[in-house]
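Now for the letters of each chain:
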Amino acid sequence: MTQRVTKAVFPVAGLGTRFLPATKSVPKEIMTLVDKPLIQYAIDEARAAGIEEFIFVTARGKSALEDYFDHSPELETRLAEDGKQQLLDVLKSTYMPSGAIAYIRQHQALGLGHAVWCARHLIGDAPFAVILPDDVIAADKPCLQQMVEAHRETGGCMVAAMEVPNERTSSYGVLDVEPGESNSMKVRGMVEKPKPADAPSNLAVIGRYILSPEVMHHLDSGEKGAGGEIQLTDAIAKEIDGPRGVYGYRFAGERYDCGSKAGFLQATVAFGLAREELRDEFGQYLNEVMGLRNAAQ
């Protein structure tokens, strides 16, 4: 019987240099899509999937991220006194119960595999999830919840997968999978950031994983891969021929790469238009902007 997935690792130690100067003082993970920080989208997705323990791998300069999940008694009191119950409910949705969050420091930027390995002592011998907050996924059923349900049937390791343009394969881990119609695809090979000519497919790994504890043992060696970093996909690949194997999961939903400025802006537009109270006014503005742009052309 497959063990429940109740722990998730959130690697959030990155400097966010692509968003300077904002990230000079504001951790990228609490930059907002509309009015909700990136990290809140990740936490909400994890909660929906049944995650109970949240492990953040952080670095210097991330204290604002830690403070975000703390209680705000003065603000709570003020909202209650002013009768702003809706805002009070929103505030309380950001709270985390005592003991649910743990913070681990990554002292050196040695890659995603190293960041996950830093959480090894808190993982134990059960499968665990990894969520990259830069990847925001809009879906009727949250992506990690889809994966947890599929993982109950497959066991082993599971990575979220989506098709990307062939010329973009050098930016991702890329899967070689067995033919089949299921959303859960048996993986027979993984390559980290291959050149388009060397890519086994255009099926790319994005920032959602369910991993067996054996992956941590593979990371113990500190073996460096592409870019001179300790690659998580290299450690996962060592489980392909193991007794439980590795699966790619073709999720239902739209992924936005909020680690890039263009992706962040695209997500802002998409999530803004999805909000009922913003849709009409914001949509009208976008139509006007596009009308002026087309007229200028």
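For the structure, check the block above.
Computed from a prediction, not measured in an experiment: that's the story for all the values here. (Residues numbered from 1 in each chain as written. Predicted model: local features only at pLDDT ≥ 70, side-chain atom pairs only at ≥ 80, totals over all residues. Heavy atoms only, no water.)

Here's the deal with the overall build of the protein chain
No. 1: Of regular secondary structure, the protein chain possesses 11 helices and 13 strands.
No. 2: The C-alpha atoms of the protein chain give 20 Å as radius of gyration, which agrees with the globular expectation for 297 residues (19 Å, within 12%).
No. 3: Taken along its principal axes, the extent of the C-alpha atoms in the protein chain is 60 × 55 × 35 Å.
No. 4: In the protein chain, which comprises 297 residues, the proportion classed as buried is 45%.
No. 5: Sequence separation of at least 24 residues holds for 74% of the intrachain contacts in the protein chain that already meet a minimum separation of 6. (Helix = DSSP H or I, 4+ residues; strand = E, 2+ residues; numbered from the N terminus. Rg over C-alpha atoms; globule rule 2.2 N^0.38 Å. Buried < 20%, exposed > 50% of the residue type's maximum accessible area, 1.4 Å probe, protein only. Contact = heavy atoms within 4.5 Å.)

A closer look at the packing of helix H10 (residues 261-274) against helix H11 (residues 276-296)
No. 1: Running from N to C, H10 and H11 cross one another at 125°; their axes reach a closest spacing of 6 Å. Judged on the interaxial angle alone, H11 and H10 are oblique. On H11, the residues touching Thr268, Val269, Gly272, Leu273 and Ala274 of H10 are Glu276, Leu278, Arg279, Phe282, Gly283 and Leu286.
No. 2: Grouping the constituent residues of the contact of H10 with H11 by class yields 6 nonpolar, 3 polar and 2 charged. (Axes fitted to C-alpha atoms, helices over the stretch in contact; angles between N-to-C directions. Parallel < 35°, antiparallel > 145°, perpendicular 65-115°, else oblique. Nonpolar A, V, L, I, M, F, W, Y, C, P; charged D, E, K, R; others polar.)

Notes on empty space enclosed by the protein
No. 1: This model, assessed by the stated rule, comprises 1 cavity of 30 Å³ or more.
No. 2: The space that makes up the largest cavity amounts to roughly 60 Å³.
No. 3: Together, His218, Leu219, Ser221, Glu223, Ile230, Gln231, Asp234, Ala235 and Lys238 line the largest cavity.
No. 4: If you list the elements that add at least two residues to the lining of the largest cavity, you get helix H8 (214-219) and helix H9 (232-237).
No. 5: Residues that form the lining of the largest cavity fall into these classes: 3 nonpolar, 3 polar and 3 charged. (1 Å grid on protein atoms, 1.4 Å probe; cavity = no way out; pocket = protein on both sides within 12 Å on 5 of 7 lines; lining within 4 Å. Points joined across faces, edges and corners; volume = space filled by probe spheres on them.)

Here's the deal with the pattern of salt bridges
No. 1: Here the structure, examined in full by the defined rule, presents 15 salt bridges.
No. 2: The salt bridge involving Arg78 is made with Asp82; its shortest N-O contact spans 3.1 Å.
No. 3: Through salt bridges that share partners, Asp35, Arg275 and Glu277 make up one connected network. (Salt bridge = Lys/Arg side-chain N within 4 Å of Asp/Glu carboxyl O.)

A few points about the side chain of Glu239
No. 1: By the element assignment, Glu239 lies in the loop between H9 and strand S12 (246-250).
No. 2: Here Glu239 sits buried without a salt bridge, and the closest side chain of opposite charge, Arg244, lies 5.4 Å off (N-O distance).
No. 3: The contacts of Glu239, once residues within four sequence positions are left out, are Cys157, Ser212, Glu214, Val215, His218, Gly245 and Val246. (Lys, Arg positive; Asp, Glu negative; His and termini not counted.)

Observations concerning the side chain of Thr58
No. 1: If you trace the backbone, Thr58 turns up in strand S4 (residues 53-58).
No. 2: Apart from the residues lying within four places of it in its own chain, the contact partners of Thr58 are Val12, Ala13, Glu66, Tyr103, Ile104, Arg105 and Gln106.

Some remarks on the layout of surface pockets
No. 1: The computed volume of the largest pocket comes to approximately 1300 Å³.
No. 2: In this structure, the largest pocket is lined by 43 residues; those nearest its centre are Arg18, Lys28, Leu112, Leu132 and Asp134.
No. 3: Contributions of two or more residues to the lining of the largest pocket are made by helix H5 (112-117), strand S11 (203-211), H9 and strand S13 (254-257).
No. 4: Looking at the lining of the largest pocket, the element that brings in the most residues is S11, giving 4 residues.
No. 5: For the lining of the largest pocket, a count of residues per class yields 17 nonpolar, 13 polar and 13 charged.

Here's the deal with the state of the cysteines
No. 1: The tally for this structure, following the rule as stated, stands at 0 disulfides.
No. 2: No disulfide involves Cys143; its sulfur sits 14 Å from that of Cys258, the nearest cysteine.
No. 3: Judged by relative accessible area, Cys143 falls into the buried class, the value being 0%. (Disulfide = S-S within 2.5 Å.)

Description of the nonpolar core
No. 1: Ranked by internal contacts, the top residues of the largest apolar core, which has 36 residues, are Phe10, Ile39, Phe54 and Phe56.
No. 2: Sorting the residues of this core by element identifies strand S1 (7-11), helix H1 (38-48), S4, strand S6 (128-131), helix H7 (143-154), strand S8 (157-163), S11 and S12 as the ones contributing at least two each.
No. 3: Here this core gets 5 residues from one element, more than from any other, and that element is H7.
No. 4: If sequence neighbours within four positions are ignored, Phe56 has contacts with Phe10, Val12, Ile39, Ile43, Leu65, Phe69, Ile101, Ala102, Tyr103 and Ile104.
No. 5: Listed in part, the 32 residues of the second largest apolar core include Val9, Val177, Met190 and Val246. (Core = buried A, V, L, I, M, F, W, Y, C linked by side-chain atoms within 4.5 Å.)

Bear in mind that shape data such as this cannot, by itself, settle questions of function.
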